[in-house]
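Each chain is listed here by its residues.
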Protein chains: 2
Amino acid sequence: MADLTLEDIARLAGVSRSTVSRVVNEHPNVSADVRKRVLEVIRTTGFHPNLAARTLASNRSWMLGLVLPRTVSGFFADPYFPRLTQGIAQACNDHNYTLALFLVTTKEDEERIFPRVSRKGFLDGVLVQSAAIGDQLIDRLAETSIPMVVAGRPFHAENISYIDVDNVAASRNAMDHLIRLGYRRIAHIGGSPNSPVTLDRKEGYMQALREAGRAVDPALIVDSDFSEGSGYQAMRQLLTMGVDAVFTASDILAIGGMRAVREAGLRVPQDVAFVGFDDLPLTSPIGLGLTTVRQPVYPFGYKAIETLIDVINNGILPPRRVIMDTELIIRESCGAPQER
Amino acid sequence: MADLTLEDIARLAGVSRSTVSRVVNEHPNVSADVRKRVLEVIRTTGFHPNLAARTLASNRSWMLGLVLPRTVSGFFADPYFPRLTQGIAQACNDHNYTLALFLVTTKEDEERIFPRVSRKGFLDGVLVQSAAIGDQLIDRLAETSIPMVVAGRPFHAENISYIDVDNVAASRNAMDHLIRLGYRRIAHIGGSPNSPVTLDRKEGYMQALREAGRAVDPALIVDSDFSEGSGYQAMRQLLTMGVDAVFTASDILAIGGMRAVREAGLRVPQDVAFVGFDDLPLTSPIGLGLTTVRQPVYPFGYKAIETLIDVINNGILPPRRVIMDTELIIRESCGAPQER
DNA sequence: GTGAAAGCGCTAACAA
DNA sequence: TTGTTAGCGCTTTCAC
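Read on for a plain summary of the structure. Treat the numbers as computed from the prediction; the structure is a model and nothing was measured.

On a plain count of helices and strands, chain A comes out with 13 helices and 12 strands. Compactness check: chain A gives a C-alpha radius of gyration of 25 Å against a globular reference of 20 Å for 340 residues, more than 25% above the reference. Overall size of chain A, expressed as C-alpha extent along the three principal axes, is 85 × 40 × 30 Å. Looking at chain A residue by residue over its 340 residues, the buried ones come to 57%. Sequence separation of at least 24 residues holds for 71% of the intrachain contacts in chain A that already meet a minimum separation of 6. Both charge centroids of chain A, one from 36 positive and one from 39 negative side chains, sit 3 Å from each other.

This is the structure:
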């Protein structure tokens, strides 16, 4: 019960401290009966090794950091992050790591995390959410040479490991669908300005239009902050432009947009069709299924941690690049052209 | 840049290791000029102390754990937890603690966290989300005598510190409002069964009815799992009972309930009035303000951590009891009786 | 296969 | 005010 040490266990089992350490760490060179005896003592005493001592001696803490930079205010606004965090946490559990969470809100916070987000700060590695352009955090962390993986493409990707989905291709694919359905004025509600994910999805939107021989009308592109309210506002603006379809950078934006459409006395998809992005289990207030790009949020978080563990075990170089698949899920909100 | 130690700094500054340690830890007994000299070396070298070594020597890790038990699946379904986590994380930042996150999903997870959720596992203390009855986690953690605070009243509260809002009084107050407005058949959509918060809000619901001389009709009480969809389902069931008002255990349940009302071709509040609980910045699909009990979710998380720090610094006993205030926010969804 | 012993980098009591 | 020193509990060579 009390604060037992390896030494105590060794005495109780009639062996040396080293032997107990070997048993605890599952080293091969321990005879079967000694191992059994030691394990029995460990079991009955409820002994657990002191992690600080272990970390100090072995230079491995079995602790990973998750950093959400300042510019990712969305942690609260968007259900994406809770879901992502679940995948991350489960991967940590399954691989025997502890997860430390760093929510960076202020400039002060950012400075304060540096002593902690490092090898000497307990962490074996760190997973950082991709941030807006101009956010120096990732570059600064890269300089510390702590094993790091970025969730989402970072702006400066040279020598930085990251995991992402192919946002450009996925968005192009979603747009192709709308174009095939015959919509003529397709708008785009983007995410928060200057973030790679927003840029990539917008790029896919534009590529699809161009490849279809359409002009890109800048007035039909409105950015947001990934919140429902900002999707609503963006749609109100777009409604004055006479659009017949909208591709949004996230489901929550589509939900806000659809709310604006309904408030204007119009119907989805007959008057305005929608395609979203994420396919999180949100409930559409319209009571109709949202056509959307499904990205594997939970597996994404899980895989991100596994990639980080790979970096920790096998070295930072070469930088890892993991791209996960998406899938267009067709439901009602995109409509059918003949009904219009 | 490299891995400097106290010893290195001491050599560079021409002092002893202890002196550097004192400077780093802001001990008073260092002369001004020595302190200045040492700080200068620390600054130019970018030295940060090794936290594992510090923890081992001082038996203090400056790390806190946040545990979400298995029965709190709501981490994903309800925006309450992300918001709570923000308050918790900010308090940790402000008090120089690192936050370790333990999402317990499986029985296996639960076993795996025990070596880690302890003093020897790096943690100075732990904040645990209150769980459903029958969940042994809190009791088991209490036995380890690690400083602990429970967020939300735990079932067995003897000698356990917790922070909560007065759910009974707040619910009674919300119900009094509906009763005053003249509603006759007021239903209740509860949270997940067997959790203290669900029981307390239900108790408030029942107390208000009894004090008003009304009978409690068990058929008008339906539990849920705190998700929008379950609120919707509960309301579908209640609609067959001819209710004219509903008090829900959370806003997200009210939103699901209102969706069911609208789908049935009825109006809020004219046909069915709603009062929710939380006052998180959700957007109601109805496009009308939700009358609700505002609880200070972010400050709640913040205060929970400060309470935990108090327990760490000043001892586990006596158990702390912090009750935070709520406020009934009256908007449109509760209606006015004369309009009915 | 097992034990002895030298650290890991820091804190903190004790001396000076 | 400053330095010396003895650990904190573990891992990890190196002998045997």
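Another point: the nonpolar core. Residues A:Leu127 and B:Leu127 are the most contacted members of the largest nonpolar core, which totals 64 residues. The residues touching B:Leu127, leaving out its near neighbours within four places in the chain, are B:Gly65, B:Leu66, B:Val67, B:Ile88, B:Val149, B:Val150, B:Ala151, B:Ala304, B:Ile305 and B:Leu308. Ranked by size, the runner-up nonpolar core spans 46 residues in total, among them A:Leu123, A:Ile138, B:Ile138 and B:Ile160.

A few words on the protein's contact with DNA strand D. If you check the shell around DNA strand D, you find 26 residues, and the closest are A:Leu6, A:Arg17, B:Ser18, B:Arg22 and B:Ser31. Sugar and phosphate atoms form 52% of the subset of DNA strand D atoms that lie within 4 Å of the protein. Separating a base oxygen of DNA strand D from a side-chain N or O atom of A:Ser18 is a distance of 3.4 Å. Elements with a minimum of two residues in the surface near DNA strand D: α2 (17-24) and α4 (51-58) of chain A together with α2 (17-24) and α4 (51-58) of chain B. A per-class count over the surface near DNA strand D returns 10 nonpolar, 11 polar and five charged.

Across the contact, 49 residues belong to chain A and 49 residues belong to chain B. When chain A packs against chain B, the two sides together hide about 4600 Å² of surface, and 61% of this comes from carbon and sulfur. Linking chain A with chain B are two salt bridges. B:Arg112 is the partner of A:Asp94 in a salt bridge, and the nearest nitrogen-oxygen pair spans 3.2 Å. At the surface where chain A touches chain B, the tally comes to 21 residue pairs in polar contact (both at pLDDT 80 or more). Those elements giving two or more residues to the side of chain A that touches chain B turn out to be α4, α5 (74-77), α6 (80-94), β2 (98-103), α7 (107-113) and α12 (251-263) of chain A. Here the element with the most residues in the side of chain A that touches chain B is α6(A); it accounts for eight residues. Among the residues forming the side of chain A that touches chain B, the class breakdown is 25 nonpolar, 14 polar and 10 charged.

We now examine the protein's contact with DNA strand C. Every one of the 26 residues lining DNA strand C counts as a neighbour, but A:Thr19, A:Arg22, B:Leu6, B:Arg17 and B:Ser21 are closest to it. The protein-proximal atoms of DNA strand C, defined as those within 4 Å of the protein, are 55% sugar or phosphate. Take B:Asn50: an N or O atom from its main chain is 3.1 Å from a phosphate oxygen of DNA strand C. In this structure, a phosphate oxygen belonging to DNA strand C sits 3.1 Å away from a side-chain N or O atom of B:Arg54. Secondary-structure elements contributing two or more residues to the surface near DNA strand C are α2 and α4 of chain A together with α2 and α4 of chain B.

Moving on, we get to the sheet that holds strand β12 (residues 327-329) of chain B. In sheet architecture, strand pairing relies on hydrogen bonds along the backbone and comes in two forms, parallel and antiparallel. All names here are of chain B. Reading across the sheet, the six strands line up as β7-β6-β8-β9-β10-β12 and stay open at both edges, with mixed pairing between neighbours. The open sheet has two edge strands with one neighbour each: β7 (221-222) and β12. In terms of strand pairing, strand β9 (residues 273-278) meets strand β10 (residues 291-294) through four bridges, oriented parallel. Among the inter-strand pairings, Phe-277 is bridged to a residue of β10, identified as Val-293. Contacts from helix α12 (residues 251-263) reach β6 (186-189), β8 (245-248), β9 and β10, with the element oriented near 155° to β9.

Mapping chain A onto chain B calls for a screw motion: a turn of 180° about the axis and a shift of 0.0 Å along it, with 0.1 Å RMSD after fitting. In symmetry terms, the pair is related by a two-fold rotation axis. Considering only C-alpha atoms, the part of chain A nearest the rotation axis is A:Ala100, at 2.1 Å.

Residue and element names in this part refer to chain A. Following both chains from N to C, one finds helix α1 (residues 6-13) and helix α3 (residues 32-45) inclined at 120°, their axes separated by 9 Å at the closest point. The angle between α1 and α3 falls in the class oblique. Crossing hand, α1 versus α3: right-handed. Each of Ile-9, Leu-12 and Ala-13 in α1 lies in contact with α3, whose residues at this interface are Arg-37, Val-38, Val-41, Ile-42 and Thr-45. When the residues that make up the contact of α1 with α3 are grouped by side-chain class, the tally is six nonpolar, one polar and one charged.

Of all residues except glycine, most have a negative phi; of all peptide bonds, most are trans. For the peptide bond that leads from A:Val268 to A:Pro269, omega is 5°, which places it in the cis range. Its place among the elements puts A:Pro269 in the loop between α12 and β9 (273-278). Note that the residue after B:Leu317, namely B:Pro318, is joined by a cis bond; omega there is -5°. Along the polypeptide, B:Pro318 turns up in the loop between α13 (297-314) and β11 (321-324). Phi angles above zero are rare outside glycine, and A:Trp62 is one such case at about 55°. Structurally, A:Trp62 can be placed in the loop between α4 and β1 (63-68). Looking at A:Trp62, the relative accessible area reads 31%, which means it is partly exposed.

In terms of burial, β2(A) is a largely internal element, six of the six residues being buried. Side chains A:Thr98, A:Ala100 and A:Phe102 of β2(A) all project onto a buried face; the interleaved residues A:Leu99, A:Leu101 and A:Leu103 project onto the opposite face, where all are buried too. Relative to β2(A), β1(A) runs parallel, the two being bridged by six bridges. Counterpart to A:Leu64 in the pairing with β2(A) is A:Leu99. Bridging between β2(A) and strand β2 (residues 98-103) of chain B involves three bridges; their strand directions are antiparallel. Across the sheet, A:Ala100 pairs through a bridge with B:Ala100, a residue of β2(B).

Let's shift gears to the pairing of β9(A). Residue and element names in this part refer to chain A. Counting buried positions along β9 gives six out of six residues, so the element sits mostly inside the fold. Both strand β8 (residues 245-248) and β9 contribute to a ladder of three bridges, which runs parallel. Bridge pairing in β9 places Val-246 opposite Phe-274. You can see the chain leave β8, run along α12 and come back into β9, and the turn it takes is right-handed.

Rules and cut-offs
Residues numbered from 1 in each chain as written. Chains lettered and ligands numbered in written order. Predicted model: local features only at pLDDT ≥ 70, side-chain atom pairs only at ≥ 80, totals over all residues. Heavy atoms only, no water. Helix = DSSP H or I, 4+ residues; strand = E, 2+ residues; numbered from the N terminus. Rg over C-alpha atoms; globule rule 2.2 N^0.38 Å. Buried < 20%, exposed > 50% of the residue type's maximum accessible area, 1.4 Å probe, protein only. Contact = heavy atoms within 4.5 Å. Lys, Arg positive; Asp, Glu negative; His and termini not counted. Charge placed at Lys NZ, Arg CZ, Asp CG, Glu CD. Core = buried A, V, L, I, M, F, W, Y, C linked by side-chain atoms within 4.5 Å. Near = heavy atom within 4 Å. Polar contact = N/O pair within 3.5 Å; in protein donor to acceptor, adjacent residues only side chain to side chain. Nonpolar A, V, L, I, M, F, W, Y, C, P; charged D, E, K, R; others polar. Buried area = accessible area lost by both parts, 1.4 Å probe. Salt bridge = Lys/Arg side-chain N within 4 Å of Asp/Glu carboxyl O. Pairing = 2+ DSSP bridges. Axes fitted to C-alpha atoms, helices over the stretch in contact; angles between N-to-C directions. Least-squares fit on C-alpha atoms with pLDDT ≥ 70 in both. Parallel < 35°, antiparallel > 145°, perpendicular 65-115°, else oblique. Left-handed = near helix turned anticlockwise from the far one by under 90°. Right-handed = clockwise from strand over helix to strand, strands pointing away.

Treat this as a map of the structure, not an account of what it does.
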